[in-house]
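Here is what each chain is made of, one letter per residue.
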Amino acid sequence: MLKTSQSVRRSARLVLVGMLLLLPVTVFISMQGWRETRIVTLEEEGRNKLELYRSNLQGAIKEHEYLPITLASDKRILALAGMHHPTAEDTNEVNRYLEKLAADSGASDIYFMDNTGETIAASNWNSNASFVGRNFGFRPYFKQAMGGNTGHYFAFGITSNVPGYYISHPVLTNGRDIAGVMVVKTHLETLVNRWARGGESVLVEDENGIVIISSHPEWRFRDLRGLPDGQRRNILKSRKYGEYPLTAMPVTKGDWPRDGVMSTLELASIPTETPVEHDTPVSDDRPNDVNSTNIAAPPLKPAKLHTAPLGNSVAGFPPPGPDGSQTASARAPATTRYLTIGSTLPRQGWRIFLLTDKTVLDQSILAAAFIAGAIHIIIMGTIFMLLQRRRAMLEQLEIRDWSQRELEHQVKLRTADLMNTNVRLAEEITERQRTEDALRTAQADLVQAGKLAALGQMSAGIAHEINQPLTAIRSYADNARQFFARGQTEPVERNLTRISELTERMGRITNHLKTFARRPEYHSGPVDVAHAIQKAVDLVRETGRVANAVIDFPRPDHSIFVTAEETQLEQVFVNLLTNAADASRDQDDARITLNITRGADRIFVSVSDNGSGISDQTMPQLFDPFFTTKQFGDGLGLGLSICYGILRSFGGTIRAENLPAPDGGACFIVELRPSDKTGTGNDRRNDQYNGAAGSTAGKAGAKTPVHEFALLTEKNTSTPSTITATGVHGVGTGVFRSVLRPKDNR
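Since the structure is predicted, the reported quantities are computational estimates derived from the model, not experimental observations.

Rules behind the numbers
- Residues numbered from 1 in each chain as written.
- Predicted model: local features only at pLDDT ≥ 70, side-chain atom pairs only at ≥ 80, totals over all residues.
- Heavy atoms only, no water.
- Salt bridge = Lys/Arg side-chain N within 4 Å of Asp/Glu carboxyl O.
- Core = buried A, V, L, I, M, F, W, Y, C linked by side-chain atoms within 4.5 Å.
- Buried < 20%, exposed > 50% of the residue type's maximum accessible area, 1.4 Å probe, protein only.
- Helix = DSSP H or I, 4+ residues; strand = E, 2+ residues; numbered from the N terminus.
- Contact = heavy atoms within 4.5 Å.
- Pairing = 2+ DSSP bridges.
- Axes fitted to C-alpha atoms, helices over the stretch in contact; angles between N-to-C directions.

Engineer: Which residues make up the pattern of salt bridges, and what are the values?
Structural biologist: According to the stated counting rule, one finds 21 salt bridges in the structure shown. The network of salt bridges with common partners includes Glu43, Glu44 and Arg47.

Engineer: Tell me about the nonpolar core, and name the residues and values.
Structural biologist: In terms of nonpolar packing, the biggest core is built from 47 residues, with Val529, Ile533, Leu569, Leu576, Ile592, Ile596 and Phe668 touching the most fellow members. Counting residues per element, the ones that place at least two in this core are helix 11 (529–542), strand 14 (561–564), helix 12 (566–583), strand 15 (591–598), strand 16 (603–609), helix 13 (639–649), strand 17 (653–658) and strand 18 (666–672). Not counting residues up to four positions away in its chain, the partners in contact with Val529 are Ile560, Val562, Leu569, Phe573, Ile596, Val605 and Leu672. Listed in part, the 30 residues of the second largest apolar core include Leu191, Leu227, Tyr244 and Leu246.

Engineer: Help me get a handle on the environment of Thr173, residues and values and all.
Structural biologist: Here Thr173 lies in strand 4 (residues 163–173). Non-local contacts of Thr173, meaning those with residues more than four positions away in its chain, are made with Ala81 and Ala179.

Engineer: If you had to explain the sheet that holds strand 3 (residues 151–156) to someone new, which residues and values would you point to?
Structural biologist: With antiparallel pairing, the five strands of this open sheet are ordered in space as 2-1-5-4-3. Of all strands in the sheet, those bounded by a partner on one side alone are strand 2 (119–122) and strand 3. When the angles between neighbouring strand axes are averaged without regard to direction, this sheet yields 25°. Helix 4 (residues 88–105) contacts strand 1 (109–114), strand 2 and strand 5 (177–186) of the sheet and is inclined by roughly 50° relative to strand 2.

Engineer: Go over the sheet that holds strand 16, please, and point to the residues and values.
Structural biologist: In spatial order, the strands read 13-15-16-18-17; together these five strands make up an open sheet with mixed pairing. Both edges of this open sheet fall to strand 13 (550–552) and strand 17, since each of them pairs with a single strand only. Here the average twist between neighbouring strands, direction ignored, is 15°. As judged from the six bridges shared by strand 17 and strand 18, these two strands associate in the antiparallel manner. Paired with Asn658 across the bridge in strand 18 is Ala666. On the sheet, helix 11 packs against strand 13, strand 15, strand 16 and strand 18 and is oriented at approximately 170° with respect to strand 15. Across the sheet, helix 13 is in contact with strand 17 and strand 18; its angle to strand 17 comes to roughly 135°.

See the structure below:
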């Protein structure tokens, strides 16, 4: 191993070991830091939530606080308080008024007591649990009101056995004498249910340390502070908390915090507890309400197993077992740790606590530790990778230096061989280029030879076609001379017009031949395939190569452009039409059909005849050079081979097939690449086929200058005529396109 690599590897190992040793330290510091931060956050959130719960509780208490104060000044209550022995008729109006007021305000009960504690009028006067006639003088709220103050007291109802919050106020006659007490009882169960649905752990303890309100039903009416036995017995006798046994809150660790301070508390989970009936007699502080009234208190029953359904249990809680314990199967209670914060309600002497499950804090700390550890590992891995990369780079540098020296040595050894090889390769390339140039020249000569051979075959037809117009021209000229001698100008003009038409026909034939015979410059581009086919059809017709065969070519309305060179494409179709005419010459109704179809990415042109078709032995050799089935002297066997080579140079191809019976015959299908150029047959005139002269100009190519000029006829000097190579086309505006040869370029 290289010396540099060994040194760097030792450094990387030391760094890795150091980072691993620091990992626990990083995790511990992160946990402690996050714990302190999170506790501060939870403490602040707890204070805010606790303040909301406190405001919610005080709002529920103050909802009906105004009623006893307002009713203490009501004239109906004052009138009733001034009576020494009111009758049922005297209290009937007040009873109905209090009943309606309780229903409208949502209060549980509203009632008036005289100064002895006996209930004179009540909102529940018409129910089985009516307070009328009952004496509640032993209740602290009565004593507070008789002392001239507004009384506040939470307890279970003696008659209804339903917990509620009592608010009392003295009724003064003459502004100074206390004639009775006005009391309003309000339910807090709506608040309890709303807190239970909130999903948070909240409880309220009263002045005795008993939980009176809680979001957890199993926590209600449990002892938080550990009441002394004597005080517990007195409270149970007073029935302040109904039949609940005031079991101690199962605090397994920690203490309830001071106001505004968060502490940790651990509670054992407990099932819901419900009250039981006790054998304990009524407390001695309440004999007046039982013995001084004409309504006897209900007898007390010994404790027994509650079998009533949930809806019949007190305060809506499920019943306990026969010994005051829960009916759930005995099991080891699970414990939950809470972060607890408290606050005091000074007016009532109550305290409210918010308990947050410490699992939230623990999970947050674990997540922070995991993230810190992951970041530490990532940093450690990054440092290790950088060191490894540095080691690799140093190794590569050393290896590169060694390799460069070795390479230079090898280059020196191979330089001579490479130079010799390059010389031989250059010679081979030069020879190959000469061979390719010769091949291209031979191919061009071969194509030209095929064209000239075709012209030789057409010469007889050309002589025949030109001989007829010459004979007619001679006759028309002789006749015109005689008509002119007689002074008959109209026949002379008619004969001259016919002579002009015949010369135009002869010029069209000769120009086709000159265009076809010229050696073109091969520049592929957009070519209207229908236009090229039409020119080939006109050429073979005018030269008589198709004899009596009928050529059926339905030319499309729109131009179809393909990628090709126009002169070579015309030669392909001339060869195919000539072969089709030769194949069907023995048929009485010889016919040649051409069709153009558009495929997905190709343009197809089919040339079919009704001849005898192609034999199976001939089909494989059809496109071979110098292969022919014609008589000796009728052809060289190069036509289809030339067509195949031309089409392949355009990116197209050609194939042959036999047509099915009964018509039979052969069909050659030409495939060409479509061009992006578009147009229609009417809106695009092909400059290469604008009459006979236009064809000549088009074949001249881009390197041959084309000149346009207009001539005026003698008949109408204001109207130019279109001039071609053979004469005047007609009267009217036109353009003469002249192709100048190099010797005429003056």
